[in-house]
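What the coordinates show
These are the residues of each chain, in order.
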Amino acid sequence: CGSSAEAEDLLHLRGNPGPKVDRHCTDPICCLLFLVVFGATGVLLSVLWQVGDVRRINHGRDHDGNLCGLKEMEKKPFLFYPDLDTDFKNDPTLSGRYGVCVSECAQEGQVVEDYGHARQTSWLVLQPSFPVFQRCLPFQKPTVKASTKLCVKPACEVTSGVPFKPEQVCGLQRDGTDKYWLLEKPDSSITDGWRAEGASDVLIQSRVSMASSAWPSNTTCQQRVKREAEVSVKPLDDSVANILFTSVTSPAYSFGNAVSENLGLVLGLGVGGAALLSVAIMLMFPVCAPPLLVVLLLVVFLMLIAADYILFVQANIATGRTGARFTNFLKSLDISVPAGAEDLLQHSSDQSTTQLFALGAFALALVIAVLACLVMSMSRQFKILIALLEEAGNMIRRVPSLLALPLLLLASFAVFFSLFFVASVGLATASQDQLQASLEKFNLPTGVEDVKHFQQISAVCLILVFLWIYFFHIALYHTTIALTVSNSYFQGDLAEHHLCPSVGGCFGAPMVVSLGNIFRYHLGSLAFGSFALMLCTVARVVFEYVERHTKEATDQNLLAKTIRCVTKCCINMLYGCLRYLTQYAYIYIAVIGEAFVPSCCKSFQLFAKYPAQVALNTLTTWALGFLVSLGVPLALAGLAFFELRDSLVTYQACAIALMILAFIVSHMAVGVYDVIVTTLLICAMRDEELCGAQFMSDSLSHAAGFGRHRHQQVECS
């Protein structure tokens, strides 16, 4: 990498430090390979669509092999499972379920008539069901809960006739609440109880009217209680299969029903509210960043100092009394202390390990001192970071459509996921004859073993290409944002797009132009990076599979166990480093228009030349992501409580759905902000090196220490 950097044409770079006007196609071989694989995958998807029975996705098969909703079963589109208990006994995996086509999902008490080779002529439905992909799944109805507020003191004034005041409307004798009087309108369990005790309808109606007027105007009650009643209906012979099945479907039905009833609130807060709150936090983050960074650094240093103190105690250099006093102080505040904390504050009895602990303690103390000196010397880096955060907020204000890019890519990925899912269903449902006929069209072997090999190879290819497309979407996400931001930085308020920034930025014109340039010039580089990540991911998965199947054997051999652990650590580190490196490489591809490998070299040079600035930016954006991804969903869930506080079950379901949506939206918004900050850092560093900070904003140039003299250093035009 160093030799290529030295051979770089500095005159050309100084005239063109940012996005190249004369871009060229990078990594054309990878581009060609990607297009060939993409085309071959399209052919494979088409073949699997033809040989498979994708109708099985939305049409269940009954016990006679008919597809519900098609042909003679056209008027019966739903598949009902009347005998899951027997199916579970025959096959615990429920792969061979007995099904009956019905016109609608049956509810409890209905009778379903069977046909054909039936186990019995009719089936009595004991539980309600709801449709999922035209399959009727049974569920247990939620328990019906009712409650009524009662007054304990003063006691109820028992009367057998019509009550003349609320204090004379008593509860039920059978549950002992006849000593209390009602503070509100009674629920149905109380009225049914009065009727069972012999009260007439007129008397019950008078009691209900009198109790309804008791709250909240009545102030004589000194002590109140709440009477709760629960009613649920279950089959008398509740089998294990039914319990296992409905333990999943019942919560799913309750969850879906609660969310669908409050869909507007969930979408409004989970999507719109999360986006607005995330953007507001990001725009205000430059003000909050300094104290937040101070807190993070204090936490890091406190953790390092605590670890060093433990090492000194284990080395018999420190007594450990201070640590013991601190743990006792935490216990006095009812704060739980880890079980092994007291053991760590005891002197080590092994002389050999004592020397190792002493060496580690002094080494860590030296590291802490060096880090402290580095932090105190990083005032310029802190100023640059704050300026970059401010510029990132300005970029979001100028081009708000960047926040929509993750949603567009998510929609694109959902389309590809649907295609691969349909292809997987086609591969799983394809018959032997259909596969042989398709292989014969391509002049391929059609033996039984050949068909099995084709299915296995097709499954592996689908998985690999799916992973490749997933990582390609991530690459497209980084490069599109980076190109849009670098155009704004070096061209001056998006001049390259020849559009009004306010109109074009809002409607996504700069983003669309950048996306087109990425596809036109850098498709191969994105395919290269995503292919590398795909291979590393496959290596991780293969190693996890091998480790799981050889764990018992390798645990008995210390050397084999050590090799396994070291290999796993190396693979995970390689994946983490490669993922981090490719993020910067994608940005360099967009900024300077080079291929993937030279962009990786530029990333290494950036890490080596500005390690403190890169680390500080990474730490800050990580803290922002943690703050927004955790704080926004919790804040919106708390806000939803005021609207749904009347029903705890409904609130819990809506809060879960809302928090999931809010987490996704806020995480994507912070991801855009992170890429913008990183792109601005790369642009600013190149501007400083090659153009004397000519393109920097005033706040960024002052933070970098150039002041008003930045235009007098180097002319780039």
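**Section: the environment of Phe421**
Relative to the helices and strands, Phe421 is located in helix H13 (residues 405-429). Under the relative-accessibility criterion, Phe421 is labelled partly exposed at 42%. Between the C-alpha atoms of Phe421 and Ile57, which are 364 residues apart in sequence, the distance is 9.8 Å.

**Side note on helix H5 (residues 188-196)**
For an α-helix, the turn length of 3.6 residues means that residues three or four places apart are oriented alike. Looking at H5, one finds that the buried residues are Ser189, Ile190, Thr191, Gly193 and Trp194. The inward-facing, buried residues of H5 contact strand E7 (144-153), strand E8 (181-182), helix H6 (201-212) and strand E9 (223-231). Looking one or two residues beyond H5, the residue adopting positive phi is Gly198, at roughly 100 degrees.

**So, the packing of helix H8 (residues 263-314) against helix H22 (residues 648-691)**
Orientation of H8 relative to H22, taken along the N-to-C sense of each, is 35 degrees, at an axis distance of 8 Å. Both H8 and H22 take part in a crossing whose hand is right-handed. Packed against H8, whose contacting residues are Leu265, Val266, Leu267, Leu269, Gly270, Val271, Ala274, Ala275, Ser278, Met282 and Pro286, the element H22 presents Cys654, Ala657, Leu658, Leu661, Ala662, Val665, Ser666, Ala669, Val670 and Tyr673 at the interface. Residue composition of the contact of H8 with H22, by class: 18 nonpolar, three polar and no charged.

**What to know about the state of the cysteines**
Using the criterion set out here, one finds four disulfides in the structure. With its sulfur 2.2 Å from that of its partner, Cys105 forms a disulfide with Cys136. The S-S bond linking Cys105 to Cys136 shows a torsion near -85 degrees; that makes this disulfide left-handed. Within this pair, whereas Cys105 is found in the loop between strand E2 (100-102) and strand E3 (111-113), its partner Cys136 is found in strand E6 (residues 135-138), the two being separated by 31 residues in sequence. The class for Cys105 is buried, based on a relative accessible area of 11%. Paired by a disulfide, Cys156 and Cys170 hold their sulfur atoms 1.7 Å apart. Classification of the bridge connecting Cys156 and Cys170 rests on its S-S torsion, roughly -85 degrees, and on that basis the disulfide is left-handed. Of the two residues, Cys156 is situated in the loop between E7 and E8 and Cys170 in the loop between E7 and E8; the sequence distance between them amounts to 14 residues. Residue Cys156 is classed as buried on the basis of its relative accessible area, which comes to 11%. Not part of a disulfide, Cys577 finds its nearest cysteine sulfur in Cys536, a span of 9.6 Å. In this structure Cys577 comes out as exposed when scored by relative accessible area, which is 51%.

**Considering the pattern of salt bridges**
For the coordinates displayed, the defined rule picks out 16 salt bridges. Lys568 is paired through a salt bridge with Glu544; the nearest N and O atoms lie 4.0 Å apart. One end of the pair, Lys568, is in helix H19 (residues 558-592); the other, Glu544, is in helix H18 (residues 523-555), and 24 residues separate them in sequence. Two residues, Glu547 and Arg564, come together in a salt bridge whose shortest N-O distance is 3.5 Å.

**Some details on the nonpolar core**
Nonpolar side chains tend to gather and get buried jointly when the protein is soluble and globular. Grouped together as the largest cluster of nonpolar side chains are 99 residues, with contacts concentrated most on Leu402, Ile481 and Ile676. Top element by residues in this core is H22. It accounts for 20 residues. Every residue in contact with Leu402, bar those within four places of it in the chain, is listed here: Met395, Ile481, Thr484, Val485, Met511, Val672 and Ile676. Phe80, Leu84, Val102 and Val125 belong to the second-largest nonpolar core, a separate cluster that totals 22 residues.

**So, the sheet that holds E7**
Strands sit in the order E8-E7-E9 across an open sheet of three strands; the sheet is antiparallel. The sheet is open, and its two borders are formed by E8 and E9, each paired with just one other strand. Where E7 and E9 come together, nine bridges link them in antiparallel fashion. For Val144, the partnering residue across the bridge sits in E9 and is Val231.

Rules and cut-offs
- Residues numbered from 1 in each chain as written.
- Predicted model: local features only at pLDDT ≥ 70, side-chain atom pairs only at ≥ 80, totals over all residues.
- Heavy atoms only, no water.
- Helix = DSSP H or I, 4+ residues; strand = E, 2+ residues; numbered from the N terminus.
- Buried < 20%, exposed > 50% of the residue type's maximum accessible area, 1.4 Å probe, protein only.
- Contact = heavy atoms within 4.5 Å.
- Axes fitted to C-alpha atoms, helices over the stretch in contact; angles between N-to-C directions.
- Left-handed = near helix turned anticlockwise from the far one by under 90°.
- Nonpolar A, V, L, I, M, F, W, Y, C, P; charged D, E, K, R; others polar.
- Disulfide = S-S within 2.5 Å.
- Salt bridge = Lys/Arg side-chain N within 4 Å of Asp/Glu carboxyl O.
- Core = buried A, V, L, I, M, F, W, Y, C linked by side-chain atoms within 4.5 Å.
- Pairing = 2+ DSSP bridges.

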